[in-house]
Amino acid sequence: MTEIPNVSEKYNGETIQVALGKGDYVAGGAKGMPFLSFENPNKLRPMIAGEVWDDITDYPEIAKEMFSGRCDDPVEWATMWKELGADIICIRLMSIDPFKKNASADDAATLVQRIVDKTNLPVMVSGCGNVERDIEVLTVVCEKVKNTRLLINKVEEGEYKKLATAAMANNHVIIGFSNLDVNLAKQMNILLSDFGVETNNMLMDPLMAALGMGLDYSYSVNERIKLSAYSGDKILQIPMICDCTSSWDVGDATEEDDGTMGPASFRATWWEAITGMAAMVSGADILVVRGPGAADMLKVYACELTEVM
């Protein structure tokens, strides 16, 4: 009988462990590529972050219907995510947009603290997309939210010092963003490290493109980052976060006018789930998800593959 050769790789690196929330959740710790038990002895599944908006004016109607009316109150919405099994709450502070509601930084910080207190889960805090306003508000959030390690999202190469300073001063975790490039991801980590951010206070977001929008390229970038990390590149041994909600921007996923394509809610769920599956197989430590159906599928599949609940 022909003997099956041993094809496992031997790595000398591992992903750094980063404590989140009150310290009872940890991202990272893998010693090899995911779901390959013969290479990676640590059976770790990616953590699921459920998305919440504090202003749903522009939130997709299809997604609203998935939350049984509970998305009208961000704290109640976050509570529902906990009931659904999310490990992290991702709150997007859309209300701080200066061209819309222009909510105050103090109000934003109060909301984040209420979500932390209500759910007892780690909380990832994102702004509205206006860089100057986001820095202003997230700095206040860093200063005022206590008794937890927030995930502050995000900083880029051109503007990282102010938010990194606020995160460091208040023992929060900073997320470094780069645009689909291994070298840019590495450079962002180097900039943060040289600025004084400890690697156990950092996460990296190399940008997860959705199915139909460059998923194969994202997969390749993610995988190369992880393989370099496990091969000993210490600056890339930072836990990776992948935002799968970009799948909702793909027309084929949410188009409602063409009846031949089937229910948009069904397509959107599967589109996000497939994007998330690619992300977790490529090495993601945290997945940000919008739809509860996609979140459930990703968690079930990850648990089955790792035998970890």
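In the block above lies the structure referred to throughout.
Residues numbered from 1 in each chain as written. Predicted model: local features only at pLDDT ≥ 70, side-chain atom pairs only at ≥ 80, totals over all residues. Heavy atoms only, no water.

## Things to note about a negative patch on the surface
A cluster of acidic residues, E65, E256, D257 and D258, forms a negative patch at the surface. For E65, a relative accessible area of 65% corresponds to the exposed category. (Patch = residues over 30% accessible without salt bridge, like charges linked within 9 Å, V, L, I, M, F, W, Y side chains within 5 Å. Areas by Shrake-Rupley, 256 points an atom, 1.4 Å probe, with all protein chains shown as cover. Salt bridge = Lys/Arg side-chain N within 4 Å of Asp/Glu carboxyl O. Lys, Arg positive; Asp, Glu negative; His and termini not counted. Charge placed at Lys NZ, Arg CZ, Asp CG, Glu CD. Buried < 20%, exposed > 50% of the residue type's maximum accessible area, 1.4 Å probe, protein only.)

## Some points on helix α4 (residues 131-144)
Taking 1.5 Å as the rise per residue, α4 with 14 residues should run 20 Å; its terminal C-alpha atoms sit 20 Å apart, in good agreement. For α4, the set of buried residues is R133, D134, I135, V137, L138, T139, V140, V141 and C142. Next to the buried residues of α4 lie α3 (105-119), β5 (123-126), β6 (151-155) and α5 (161-169). (Helix = DSSP H or I, 4+ residues; strand = E, 2+ residues; numbered from the N terminus. Expected span 1.5 Å × (residues − 1). Contact = heavy atoms within 4.5 Å.)

## A word on the side chain of T275
Structurally, T275 can be placed in helix α9 (residues 264-281). Within the structure, T275 has its side chain in polar contact with the backbone oxygen of W271 (distance 2.9 Å). Apart from residues lying up to four places away in sequence, T275 is in contact with M208, A209, A210, L211, L215, C244 and S247. (Polar contact = N/O pair within 3.5 Å; in protein donor to acceptor, adjacent residues only side chain to side chain.)

## Some details on α3
Between the first and last C-alpha of α3 there are 21 Å, a value that for 15 residues agrees with the 21 Å anticipated at 1.5 Å per step. When we look at burial in α3, the residues that qualify are A105, A108, A109, L111, V112, Q113, I115, V116 and T119. Contact partners of the buried residues in α3: α2 (74-83), β4 (88-92), β5 and α4. One or two residues past the end of α3 sits N120, with phi positive at roughly 55°.

## Structural notes on the side chain of T15
In this fold, T15 is placed in the segment before β1 (18-20). Given a relative accessible area of 1%, T15 falls into the buried group. There is a polar contact of 3.2 Å between the side chain of T15 and the side chain of Y230. If we skip the residues at most four places from it in the chain, T15 touches G28, G29, A30, K226, Y230, Q237, I238, P239 and D285.

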